[in-house]
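The chain contents come next:
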Amino acid sequence: MVGEDRVTMSGKELRRVHVIRQVLEHRLTQKEASTLLGVTDRQIRRLTRRVEQEGDHGLVHRARGRPSNRRISEGRKTTILQLYETRYGDFGPTLASEQLTERHRLPLSAETLRRWLRARGIEHFSRRKRPHRAWRARKAHVGELVQVDGSHHDWFEGRGPRCVLLAYIDDASSRVFARFYTHEGTIPAMDSFQRYVRRYGLPLALYTDRHTTYQSPAAPTIEEQLAGVEPTSQFGRALHELGVERIAAHSPQAKGRVERLFKTFQDRLVKELRLAKIATLAAANHFLDDYLSRYNRRFTVPPAQSTDLHRPCPARSGLDRILCIKTSRVLRRDWTVAHNGHLYQVQTNVRARQVVMEDRLDGTLCLTHRGRVLDYHLIPERPVPPAKPRTVVSRRRPVKPPRTHPWYKRVLPPRELLAAAGRT
């Protein structure tokens, strides 16, 4: 702003005034001034001419006090704000600006939208202060540590059933893999881990919480106490067989990377599912494939070391035999095995007292003994032992003897004879 007696300048303009005055007083050459101000020699001559003709205020920017030539038109601003109010009212400025660019071809910086919304008194998107916690450096290699957790949330906002998002996030690169399931349990955990392994390979370690899916709550048996081992869940047993270390977190803050991921997804992903009008589990998992590819392209960070520590994925048959529910059952003398209310006849000649029942993720059942697959068939109905013939004992009515029966005859002498015998 230029006044009659006072000129208001920015720090950059004041520096220019000082350098140009040095040029006019022949204390600096035009070449030295161009180096100090970071402009060309031609621009120095132009600025010098302005100061000679107009004085120091000649260096004030010509657009000072005028609307910017690159300003967004009022019509475009009105359209954007109307779209925000009607469709993206609960979106933050960053996510809303992304949607405006992708869906409506209205590119706009998040800070510009944030400034417009604040001018209208909308500030629900302001960040809250979080408590300070000890910082832990990322792992250096991809595949060195992967954090795993499940998020129970109304992902469809009432349009569909409540479900769980099982997510894997690499600690070194923040690369995300996720999938929706009806619940958080052993089968969903094994299925999601199998899909992760087939895509990226076996990580060195998984960082989980103490959910019963990952850590068995059972008390150790006498055999386990003597062996010095802790009881493991089916998922923990599978990780041990695959050579993947499981690290149990003692608090949600310990696995803060995946917890923050869920906080982001419960905001961004829920709104993306709403815009795509998704209300089923199958459609949501199909949508995740495209969404995660876009998410990882934007938010994945380069690891400190380029080496990927994921091990190659085992053969499918070997992976299926490990990622399953294994149960030990007694083999009876007639070579039958009872399991889950059904009876199975083992056809392979094997000398064993126990066999292992493997309930696979694809719904099939496999019987093994020391790694050997046994042939069997289902007995449709349990054999019923033949019924023993019942002996019916007929109850006879008591026979009452007639009055002439000797039972009624007196066998003792009369009382008079007994009394006389007593007197004598």
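The structure reproduced in this document is the subject of the present report. This structure is a prediction, so every number in the text was calculated from the model and none was measured.

With that out of the way, let us pick up the overall build of the protein chain. Secondary structure summary: the protein chain contains 13 helices and 12 strands in total. For 424 residues, the compact-globule estimate of 2.2 N^0.38 gives 22 Å, and the protein chain exceeds it by more than 25% at 43 Å. In terms of its C-alpha atoms, the protein chain occupies a principal-axis envelope of roughly 175 × 55 × 50 Å. In the protein chain, which comprises 424 residues, the share counted as buried stands at 37%. Partitioning the intrachain contacts of the protein chain with sequence separation of at least 6 by distance along the chain shows that 63% fall at a separation of at least 24. Counting 79 positive and 44 negative side-chain charges, the protein chain places the averaged centre of each group 8 Å from the other.

Let us look at the packing of aromatic side chains. The relative placement of two aromatic rings is captured by the distance of their centres and the angle of their planes. Applying the stated criterion across every chain, the model contains 16 aromatic pairs. Centroid distance Trp-155 to Phe-180: 5.7 Å. Interplanar angle 70°. Geometry classified as edge-to-face. You can see Trp-155 sitting in the loop between strand S1 (146–153) and strand S2 (163–170) and its partner Phe-180 sitting in strand S3 (residues 176–181), a full 25 residues away along the chain. Here Trp-155 matches Phe-180 in class, with each residue buried. Taking 5.1 Å as the distance between ring centres and 50° as the angle between the ring planes, the aromatic pair formed by Tyr-196 and Tyr-200 counts as tilted. Taken as a pair, Tyr-196 and Tyr-200 lie in helix H7 (residues 186–200) at a separation of four residues, close to a single helical turn. Taken together through their ring pairs, the aromatic side chains of Tyr-168, Phe-177, Phe-193, Tyr-196, Tyr-200, Tyr-214 and Phe-235 make up a single cluster.

With that out of the way, let us pick up the nonpolar core. With 24 residues, the main nonpolar core has Tyr-168, Phe-193, Leu-206, Phe-235, Leu-242, Val-244 and Leu-323 as its most contacted residues. Of all the secondary structure elements, the ones that give two or more residues to this core are S1, S2, S3, H7, helix H9 (234–242) and helix H12 (316–322). Judged by nonpolar contacts, the second largest core, of 23 residues, contains Phe-156, Ala-167, Leu-261 and Ala-284.

A few words now on a positive patch on the surface. A contiguous patch of positive charge, built from Arg-42, Arg-45, Arg-46 and Arg-49, is present on the exposed surface. Of the residues examined, Arg-46 reaches a relative accessible area of 31% and is grouped as partly exposed.

What follows covers the sheet that holds strand S7 (residues 336–339). The sheet built from three strands is open, its strands ordered S7-S8-S12 with antiparallel pairing. The sheet is open, and its two borders are formed by S7 and strand S12 (376–379), each paired with just one other strand. Strand-to-strand twist of the sheet, defined as the mean angle between neighbouring strand axes without regard to direction, takes the value 30°. Strand direction decides the pairing type here: strand S8 (residues 342–346) and S12, joined by four bridges, are antiparallel. When the bridges of S12 are listed, Tyr-344 appears paired with Leu-378.

To continue, consider the pattern of salt bridges. Tallying each qualifying case throughout the model produces 18 salt bridges. A salt bridge links Glu-98 to Arg-268, with the shortest nitrogen-to-oxygen separation between them at 2.8 Å. Placement of Glu-98 in helix H5 (residues 93–104) and of Arg-268 in helix H10 (residues 256–275) is noted, with a sequence separation of 170 residues between them. Residue classification places Glu-98 among the buried residues on the basis of a relative accessible area of 14%. A relative accessible area of 11% means that Arg-268 is categorised as buried.

This paragraph deals with the packing of H5 against H10. H10 packs onto H5 with a crossing angle of 30° between their chain directions and a minimal axis gap of 11 Å. The crossing of H5 and H10 is right-handed. Residues Thr-94, Leu-95, Glu-98, Gln-99 and Arg-103 of H5 lie in contact with H10, whose contacting residues are Asp-267, Arg-268, Lys-271, Glu-272 and Leu-275. A breakdown of the residues in the contact of H5 with H10 according to their chemical character gives two nonpolar, two polar and six charged.

Attention now goes to the packing of helix H1 (residues 11–24) against helix H3 (residues 41–54). Here H1 crosses H3 at 90°, and the two axes come no closer than 10 Å. As the angle between them shows, H1 and H3 are arranged roughly perpendicular. Side by side, H1 and H3 meet where Arg-16, Ile-20, Arg-21, Val-23 and Leu-24 of the first sit next to Gln-43, Ile-44, Leu-47, Thr-48, Val-51 and Glu-52 of the second.

A word on the pairing of S3. Of all six residues in S3, five are buried, a share of seventy percent or more. Bridge count between S2 and S3: six bridges; the pairing is antiparallel. From the neighbouring strand, Val-164 faces S3, where its bridge partner is Tyr-181. Hairpin geometry of S2 and S3 is characterised by an intervening segment of five residues between the two adjacent antiparallel strands and by a positive phi of about 65° at Ser-174.

Each value, and the rule that gives it
Residues numbered from 1 in each chain as written. Predicted model: local features only at pLDDT ≥ 70, side-chain atom pairs only at ≥ 80, totals over all residues. Heavy atoms only, no water. Helix = DSSP H or I, 4+ residues; strand = E, 2+ residues; numbered from the N terminus. Rg over C-alpha atoms; globule rule 2.2 N^0.38 Å. Buried < 20%, exposed > 50% of the residue type's maximum accessible area, 1.4 Å probe, protein only. Contact = heavy atoms within 4.5 Å. Lys, Arg positive; Asp, Glu negative; His and termini not counted. Charge placed at Lys NZ, Arg CZ, Asp CG, Glu CD. Phe/Tyr/Trp six-rings, centres within 6.5 Å; stacked < 30°, edge-to-face > 60°. Core = buried A, V, L, I, M, F, W, Y, C linked by side-chain atoms within 4.5 Å. Patch = residues over 30% accessible without salt bridge, like charges linked within 9 Å, V, L, I, M, F, W, Y side chains within 5 Å. Areas by Shrake-Rupley, 256 points an atom, 1.4 Å probe, with all protein chains shown as cover. Salt bridge = Lys/Arg side-chain N within 4 Å of Asp/Glu carboxyl O. Pairing = 2+ DSSP bridges. Axes fitted to C-alpha atoms, helices over the stretch in contact; angles between N-to-C directions. Left-handed = near helix turned anticlockwise from the far one by under 90°. Nonpolar A, V, L, I, M, F, W, Y, C, P; charged D, E, K, R; others polar. Parallel < 35°, antiparallel > 145°, perpendicular 65-115°, else oblique.

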